[in-house]
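Structure at a glance
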Amino acid sequence: MEHIKKSFKNSRKKRFSDDQIKSLETTFKAEARPELHLKHHLASKLGLQPRQIAIWFQNKRARSKSKQIEQDYSVLKSNYDNLALQFEALRKENQTLLIQVQKLRKKVDCEENNKNTIELAASEIPRLLLDINGNELCGELNGRVDYLEEEADADVLYMAQIAESSLASPENGCSLESCYFLDNSGCSAQWWDF
DNA sequence: TTGTGTTTTATTGCCTCC
DNA sequence: GGAGGCAATAAAACACAA
């Protein structure tokens, strides 16, 4: 610290005049790193020491650099904020579309289920009607029961496969809860209602 | 007027280049 | 090795609210 005190002991710091600053600023705009001869020229012109001119340009470059960093930061932040807004809007839109897809999928599956049930029941009716023997009717009914049990097993197997694939790749957009076979509340007609 | 924060001038030490 | 640039810092000068 002693050397610093010594440096300032005999020289009071004095701010440059407006004209000096103006001239320095003008030169800086044209040349941020002036040659030695230009520094000497400026020094004699402004009544300053060449060392003072050199220091002024050094400090000016430092100020200019930090100002530029602030501006760059401001631009980057603005860009980031805009992107964040866009991202949030797209995320919400994506969520809405996913919900729509799930509803439509549920509706389609329900209609297919109804169609299959109707076709199955329709194919059973002629044989049941033609069979007027009590025992054979029971045989037909037993066969029907066997068929429905097999179909139920197949459904369970299918559900397991879907659930497995859903868990393996949850990004496919069909969560376990949203899959139709676990939620038939939207399906008004069942095969046993037929 | 005074305390406090900001700006400006100046120094120091380190690094790179010739 | 000397010259010059840069980062970090000191300290004077200045601005301003209370």
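Preceding this paragraph is the structure being described.
First things first, this report covers the structure right here in the doc. (Residues numbered from 1 in each chain as written. Chains lettered and ligands numbered in written order. Predicted model: local features only at pLDDT ≥ 70, side-chain atom pairs only at ≥ 80, totals over all residues. Heavy atoms only, no water.)

Right, let's talk about the overall build of chain A for a bit. When you go through chain A residue by residue, the secondary structure sums to five helices and zero strands. Seen in sequence order, chain A has helices and strands lined up from the N terminus as α-α-α-α-α. Across the 194 residues that make up chain A, the buried fraction comes to 17%. Of the contacts made within chain A by residues no fewer than 6 positions apart, 53% connect residues no fewer than 24 positions apart. (Helix = DSSP H or I, 4+ residues; strand = E, 2+ residues; numbered from the N terminus. Buried < 20%, exposed > 50% of the residue type's maximum accessible area, 1.4 Å probe, protein only. Contact = heavy atoms within 4.5 Å.)

The set of residues buried in helix H3 (residues 36-46) consists of Leu-42, Ala-43 and Leu-46. Looking straight down H3, one finds its buried side chains confined to an arc of 100 degrees; they lie on one side. Turned more than 90 degrees from where H3 packs its buried face, His-37, Ser-44 and Lys-45 sit exposed. Trailing H3 by a residue or two, Gly-47 shows a phi angle of about 70 degrees, which is positive. (Arc of directions from axis to C-beta.)

Aromatic rings considered in pairs are described by the distance between their centres and by the relative angle of their planes. Enumeration over the complete set of coordinates arrives at three aromatic pairs. Each ring, one from Phe-28 and one from Phe-57, has its centre 6.1 Å from the other, and the planes form 40 degrees; the classification is tilted. Here Phe-28, found in helix H2 (residues 18-30), pairs with Phe-57, found in helix H4 (residues 50-130); they are 29 residues apart in sequence, far enough to count as distant. No difference in accessibility class separates Phe-28 from Phe-57, as the two residues are buried. Seen from their ring centres, Trp-56 and Phe-57 are 5.2 Å apart, and the 80 degrees between their planes marks the pair as edge-to-face. In this structure an aromatic cluster arises from ring pairing among Phe-28, Trp-56 and Phe-57. We note Lys-60 situated over the ring of Phe-28; from NZ or CZ to the ring centre the distance is 5.6 Å. (Phe/Tyr/Trp six-rings, centres within 6.5 Å; stacked < 30°, edge-to-face > 60°. Lys NZ or Arg CZ within 6 Å of the ring centre and 35° of its normal.)

Tracing the backbone shows Ser-23 in helix H2. Beyond its immediate chain neighbours, meaning those up to four positions away, Ser-23 contacts Leu-42, Lys-45 and Leu-46.

The packing of two helices is summarised by the inter-axis angle and the distance between the axes. As a packed pair, H2 and H3 sit with axes 11 Å apart at the nearest point and diverge in direction by 160 degrees. Considering their axes alone, H2 and H3 lie roughly antiparallel with respect to each other. You can see that H2 and H3 cross each other, and the crossing is right-handed. Of the residues in H3, those in contact with Gln-20, Ser-23, Leu-24 and Thr-27 of H2 are Leu-38, Leu-42, Lys-45 and Leu-46. Classifying every residue of the contact of H2 with H3 gives four nonpolar, three polar and one charged. (Axes fitted to C-alpha atoms, helices over the stretch in contact; angles between N-to-C directions. Parallel < 35°, antiparallel > 145°, perpendicular 65-115°, else oblique. Left-handed = near helix turned anticlockwise from the far one by under 90°. Nonpolar A, V, L, I, M, F, W, Y, C, P; charged D, E, K, R; others polar.)

Before going further, it helps to spend a moment on H2. The end-to-end C-alpha distance of H2 is 19 Å, a good match for the 18 Å that 13 residues give at a rise of 1.5 Å each. The set of residues buried in H2 consists of Gln-20, Ser-23, Leu-24, Thr-27 and Phe-28. Along the axis of H2, the buried positions cluster into a sector of 135 degrees, meaning they face one direction only. In this structure, H2 carries Asp-18, Asp-19, Lys-22, Thr-26, Lys-29 and Ala-30 as exposed residues pointing more than 90 degrees from its buried face. (Expected span 1.5 Å × (residues − 1).)

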